[in-house]
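Each chain is listed here by its residues.
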Amino acid sequence: MSLPLSIPLWLPAAAAFLGLFLPGVASRVLVILGALGTLAWSIWAILDFERSAKGLQDVTDQVWIKQLGIHYKLGVDGLNLFLIALAAFIFLACLVWAAMKEWENASLFFFFLGVAESAVLGALMAQDLALFVLFFDLMLLPFLFLAGIWGPEATRVAAITKLFIYTLVGSLLMLAAAIATGVLVAQHSGNDISFAFSDLAKTPLPKGSQEWIFLCFAAAFLVKMPAFPFHGWMPDGYRNMPLPVLAVFSAVLSKVAAYGFLRVVLPIFPDASAHFQDLMLVLGLGSILYGSAMAFTTSEARLVLGYSSIAQLGFIVLGIFALNGDGAQGAILQAVNHGLVVAPAFVIVAYLAERTHGSEDIRDMGGIAFRAPVLATLFLIVTFANLAMPGSSNFAGEFLILLGVFHSKLVIAAIAFTGVGLAAVYSLRLFIRTMHNRVGAEVVSRDISFREGLVLVPLVAVIVALAFVPQFALKKGAPSIDRAVGKAQLITQPEITAVK
Amino acid sequence: MVLAAISKPTIDWAGVSPIIALLGGSIVVLLAGLLRGRFIREQLVPFLTVVAFGATIGLGIWQWDEAKDLFVAKGSQGALRLDDLTLMITFIVAVTGIGAVLLSWRALAPREAAHGEYFALMLTSAAGMVILAAAQNLVTVFLGLELLSVPLYVLCATEMRRERSLESGLKYLIIGSVGSATFLYGLAFIYGGTGATDFRDIATSISGGAAHDSLLLTGIALTLVGLAFKASVAPFHQWTPDVYEGAPTPVTAWMAVATKAAAFGGLLRIMDVALIDAHADWAPAVAALAAVTIVVGNVGALSQSSLKRLLAWSSVAQAGYLLAGVVGASKLGVQATVFYLSIYLFMNIAAFAVIIARERETPFGDDLRAVAGIGTSRPLLAWPLTLAMLSLAGMPATAGFIGKFTLIDAASSAGYTWLGIVIVIGSMISLAYYLKVVAAIWMRPAAVAAEVTTTADGSPRLAGADPAAERADWEVTLVAVLAGAAIVVFGVIPSPLLNLAADAGKSLGLF
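An account of the accompanying structure is given in this report. The structure displayed is predicted, hence computed values, not measured ones.

1. Observations concerning the overall build of chain A
Scanning chain A for helices and strands turns up 20 helices and 2 strands. In terms of overall size, chain A behaves like a compact globule, its C-alpha atoms giving a radius of gyration of 22 Å where 500 residues would be expected to give roughly 23 Å. Principal axes of the C-alpha set define a box for chain A whose edges measure 70 × 55 × 45 Å. Within chain A, residue pairs in contact and separated by at least 24 positions form 81% of the contacts whose partners lie at least 6 positions apart. For chain A, the computed accessible surface area is about 16,500 Å², with 68% contributed by carbon and sulfur atoms.

Shown next as structure tokens:
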């Protein structure tokens, strides 16, 4: 038996909505329970998944707007399964973290977080292009309010305006492109208009249409990630989000963009994907180099993580546009890994800031490990994962990505290898400057309390667990991921039979 | 002795009944307003107006799915046509009317202009709007346009002791008359080019070879310009910000929504029935107008700090979006336009209701400061305005998203994908000013009232501020909340409304 996907999808938003009418404490508990329910479902879904390896599972397919051919179609397969679990887990962790802090107008805060979770899950589960676009745009809205109401008062309005316009420039172009896709496919196939992925993939569009549509979609995804040079909103956006919100934003939202390439772009626009492969690889490479360099030079802790995310997402773009099974599997694995690494990293930044009288500048930190061995150990694990230490799951992810690129574009792979080294440089720099060195002037070090540990330890535990069994995530996802890149792979490497 | 052989038209009274309800209602309201009792004037007259609008809706539902010509005289095809398009426009007008009556109920304007006259004028202009949307004859089209315009000129000037209101009325009168004159001139040219006044005769004549007649083409251009004035399509939009700002806010809400619906109803019928075979000639022109309007409207709105002016510019931009549905001359296009008009109703009524509420509660009039910080202090006003802004910007989970979706869908199905992209570029620009409002609501502290009780020249308070009392009226909040709820409901469950719009789309006999 299986649960209709709508239940885990809407549970967080429903709990959040009810929470609006309850006093502060009760609303937190309710939202956390909602997120917990969704996480429980996603774990069960992973365990239950193996029963068949082909196609979507737990499909919900209803006609939502008949006039426009939009289906309310949800489904789970190897491509989105682990990302859904990642989203559910990170949201729960950050909700728990946020619940330990005091917020002005708390029930509204948790309302927006709950809505954000449902929107993200919706984008990941959607099997209809219009529905995907709707959720993809919708998931940004709660963050507009979260940053705008609870961010630092002096700069927040300017920052969210920038963030919002920047990211929606891409998203709205994607909306127009998505509608054009539906209309063109209907015209070419002679069927009634339908936006379901399965219907769209049946009729390939002419190459010319594919190309401009591809560019619109790529704009949306690259801005949301963000990838160099579309990251202009990132520094201000990151500075103005409260840390629990930022942790979710950085860990989960960027992955939806990467996922979008694999779910939408590669299967529906394979010719264009092959056509723009080099461009995308170069953009990925640029993100790795630029992100690494910036992460190494900036001194704001949260921006170090922000720029390192740009670099990591560069790797993910490389993996996707290797256009083969290895690269794409590595990309999905790395997306999960990065989400799992960056969220505890933001938790640690918050804890560090609490020990330096609120400063998040790494020049004010230092020597914290001296009186906080547990915190230092946990941070070290996160750091090792971030720099893809052999043995960590991130190593497996980056290895697969580089293997994939190595097979398709040797030169790109060779340059990308430097990115692995650069990751070690900026990750270790962050660790050493905060944990080792001379004790900072304002630093009052103490080890983590039980409450702090409650948030951080489970996050780190999952990193450790995944380090032992990365193949767990890989094996279940492989067939779906291979199918996603199959068409585009046939075009670039016709000698390989794409679907193994 | 027979003086003249006047052939009396056959009248389908059932079909005319919605218009009779409006015009009859206006007479009843006017007479009731003459009675002396204060209760009668201030409570009964608005109530009767609501009843008239309600009766119009009821009769419209009764006549739904009928398709018939009204006032058919010998040798003509009927002055008006009752079909689902007419009825949809009627519903939009009447629902807006009910909202506007509630917003006017305890407003300053009807008290200054006398209740009977104020509400009677509103009903009369509503009748004009229905006639404009239903007209299928050049003469009745013009009749409808004037019947809707003249009462509006007066309504704009009903706050008689406020200079800006009078200025607004006068400006609207002058520019509106230019528009009407242009329109009439265009109709005359069309008659000259085709020799017919009935829409279907015009269509026959055009398909019979008159398509490239220069008289006809001039006529089409001038007609288009005339309606562009009414629908505030750039570059004929210049009156919009001033008139919107100066008019009493309930009147602004009324004309912003209802006039636009009627103008587009008329436009659709002229273009898609009478001039359908000249489609190849006018479609590029309409597409160009749409693109220009979208850009001009959105850029113009960027620097506004008065909410009414901001909404005026945004209404220019929205007119551009709506034109995208007209360009294709297709069933889908009519459906998209009608759907967008109906959700446009909720978005604008929600926004104007909040503006009115804040005009009455604060001394800031319609300035952006009036809504600053209401996210915490007045959530029942903050949410509707937020939803209205997000919906106007086309954010998902609001009706505006579905509306934009249908319009882009219609444009790209008609081969105007580039226009769809212009729409999304317009939406991007529009985010900057809609977000400004959202940011004021939620992210800025409430403005301090003391600093602006008088302006430099000593006149008290800002334009539009009601000096009577600082009070919160429940009916205004109710209108805002209902309209805000409708925005979400039709954003999540748009199918019922889309089906109605699709029926309207089918009624013109397009593909």
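2. Thoughts on the overall build of chain B
When its secondary structure is counted, chain B shows 20 helices and 2 strands. Radius of gyration (C-alpha) of chain B: 22 Å, near the 24 Å computed for a compact globule of 511 residues. Taking the principal axes of its C-alpha atoms as reference, chain B extends roughly 70 × 60 × 45 Å. The buried share among the 511 residues of chain B stands at 65%. A fraction of 80% describes how many contacts in chain B between residues 6 or more apart in sequence connect residues 24 or more apart. Carbon and sulfur atoms make up 69% of the accessible area of chain B, which totals about 16,800 Å². Looking at chain B, you have 30 positive and 33 negative side-chain charges, and the mean spots of the two groups are 5 Å apart.

3. Topic: the interface of chain B and chain A
Listed per partner, the contact involves 38 residues of chain B and 39 residues of chain A. Note on chain B versus chain A: buried area summed over both sides is about 3,300 Å², and carbon and sulfur give 81% of it. Looking at the side of chain B facing chain A, the largest losses of area belong to B:Phe405, B:Met428 and B:Met443, adding up to 21% of the total buried there. Where chain B packs against chain A, one counts 0 salt bridges. There are 5 residue pairs in polar contact (both at pLDDT 80 or more) connecting chain B and chain A. Where the side of chain B that touches chain A is concerned, the elements lending two or more residues are helix H16 (379-392), helix H17 (399-413), helix H18 (417-443), helix H19 (474-492) and helix H20 (495-506) of chain B. With 13 residues, the top contributor of residues to the side of chain B that touches chain A is H18(B). Taken together, the residues that form the side of chain B that touches chain A break down as 24 nonpolar, 12 polar and 2 charged.

4. Quick word on unusual backbone geometry
Residue A:Phe228 is joined to A:Pro229 through a cis peptide bond whose omega torsion reads 0°. Phi angles above zero are rare outside glycine, and B:Ala329 is one such case at about 50°. Locating B:Ala329 in the fold gives a position in the loop between helix H13 (307-327) and helix H14 (331-361). Taking relative accessible area as the criterion, B:Ala329 reaches 10% and is therefore assigned buried.

5. A short note on the pattern of salt bridges
Pairing between side chains of opposite charge can happen when their charged atoms approach one another. Using the criterion set out here, one finds 34 salt bridges over all chains in the structure. Among the ionic pairs, A:Arg355 bridges to A:Glu452, the shortest N-O distance being 3.1 Å. You can see A:Arg355 sitting in helix H15 (residues 325-355) and its partner A:Glu452 sitting in helix H19 (residues 450-468), a full 97 residues away along the chain. Both residues of the pair, A:Arg355 and A:Glu452, belong to the buried class. Among the salt bridges present, the one from B:Asp473 reaches B:Arg106, with a minimum N-O distance of 4.0 Å. Here B:Asp473, found in the loop between H18 and H19, pairs with B:Arg106, found in the loop between helix H3 (84-104) and helix H4 (108-113); they are 367 residues apart in sequence, far enough to count as distant. Overall, B:Asp473 belongs to the buried group, its relative accessible area being 6%. Overall, B:Arg106 belongs to the partly exposed group, its relative accessible area being 29%. Connected through shared salt-bridge partners, B:Arg164, B:Glu167, B:Lys171, B:Asp242, B:Glu245 and B:Arg309 make up one network.

6. Points about the pairing of strand E1 (residues 57-65) of chain A
In regular strands, side chains alternate between the two faces of the sheet. Residue and element names in this part refer to chain A. Pairing analysis gives 6 bridges linking E1 to strand E2 (residues 70-76), with the strands arranged antiparallel. Bridged to aspartate 61 within E2 is lysine 73. Hairpin connection, E1 to E2: the antiparallel pair is bridged by 4 residues, and glycine 69 has positive phi, about 70°.

7. What to know about the environment of B:Ala288
All names here are of chain B. Mapped onto the elements of the fold, alanine 288 is located in helix H12 (residues 279-301). Overall, the relative accessible area of 39% leaves alanine 288 in the partly exposed class. Spatially, the C-alpha atom of alanine 288 lies 9.7 Å from that of leucine 323, the residues being 35 residues apart in sequence.

8. Focus: the packing of H15(A) against helix H17 (residues 393-408) of chain A
Residues and elements named next belong to chain A. Running from N to C, H15 and H17 point in directions that differ by 150°, and their axes come no closer than 8 Å. Taken together, the axes of H15 and H17 are roughly antiparallel relative to one another. Where H15 crosses over H17, the two elements pack in a sense that is left-handed. Side by side, H15 and H17 meet where Asp326, Gly327, Gly330, Ala331, Leu333, Gln334, Asn337 and Val341 of the first sit next to Ser393, Asn394, Ala396, Gly397, Glu398, Leu400, Ile401, Leu403, Gly404 and His407 of the second. Across the contact of H15 with H17, the residue classes tally to 7 nonpolar, 9 polar and 2 charged.

9. Observations regarding the pairing of E2(A)
Taking burial as the measure, the 7 residues of E2(A) include 7 buried ones, the bulk of the element. Covered by surrounding structure in E2(A) are A:Ile70, A:Tyr72, A:Leu74 and A:Val76 together with A:His71, A:Lys73 and A:Gly75, the residues of both alternating faces.

10. Thoughts on a nonpolar patch on the surface
Residues and elements named next belong to chain A. On the surface, Leu289, Phe296, Phe406, Leu410, Val411, Ile415, Phe417, Leu422 and Val425 cluster together into a nonpolar patch covering about 780 Å² of accessible area. Every element with two or more residues in the nonpolar patch is listed here: helix H13 (277-297) and helix H18 (410-435). For the nonpolar patch, the element with the highest residue contribution is H18, accounting for 6 residues. Looking at the secondary structure, you find phenylalanine 417 in helix H18.

What counts, and where the lines are drawn
Residues numbered from 1 in each chain as written. Chains lettered and ligands numbered in written order. Predicted model: local features only at pLDDT ≥ 70, side-chain atom pairs only at ≥ 80, totals over all residues. Heavy atoms only, no water. Helix = DSSP H or I, 4+ residues; strand = E, 2+ residues; numbered from the N terminus. Rg over C-alpha atoms; globule rule 2.2 N^0.38 Å. Contact = heavy atoms within 4.5 Å. Areas by Shrake-Rupley, 256 points an atom, 1.4 Å probe, with all protein chains shown as cover. Buried < 20%, exposed > 50% of the residue type's maximum accessible area, 1.4 Å probe, protein only. Lys, Arg positive; Asp, Glu negative; His and termini not counted. Charge placed at Lys NZ, Arg CZ, Asp CG, Glu CD. Buried area = accessible area lost by both parts, 1.4 Å probe. Salt bridge = Lys/Arg side-chain N within 4 Å of Asp/Glu carboxyl O. Polar contact = N/O pair within 3.5 Å; in protein donor to acceptor, adjacent residues only side chain to side chain. Nonpolar A, V, L, I, M, F, W, Y, C, P; charged D, E, K, R; others polar. Pairing = 2+ DSSP bridges. Axes fitted to C-alpha atoms, helices over the stretch in contact; angles between N-to-C directions. Parallel < 35°, antiparallel > 145°, perpendicular 65-115°, else oblique. Left-handed = near helix turned anticlockwise from the far one by under 90°. Patch = residues over 30% accessible without salt bridge, like charges linked within 9 Å, V, L, I, M, F, W, Y side chains within 5 Å.

Structural measurements only, silent on function.
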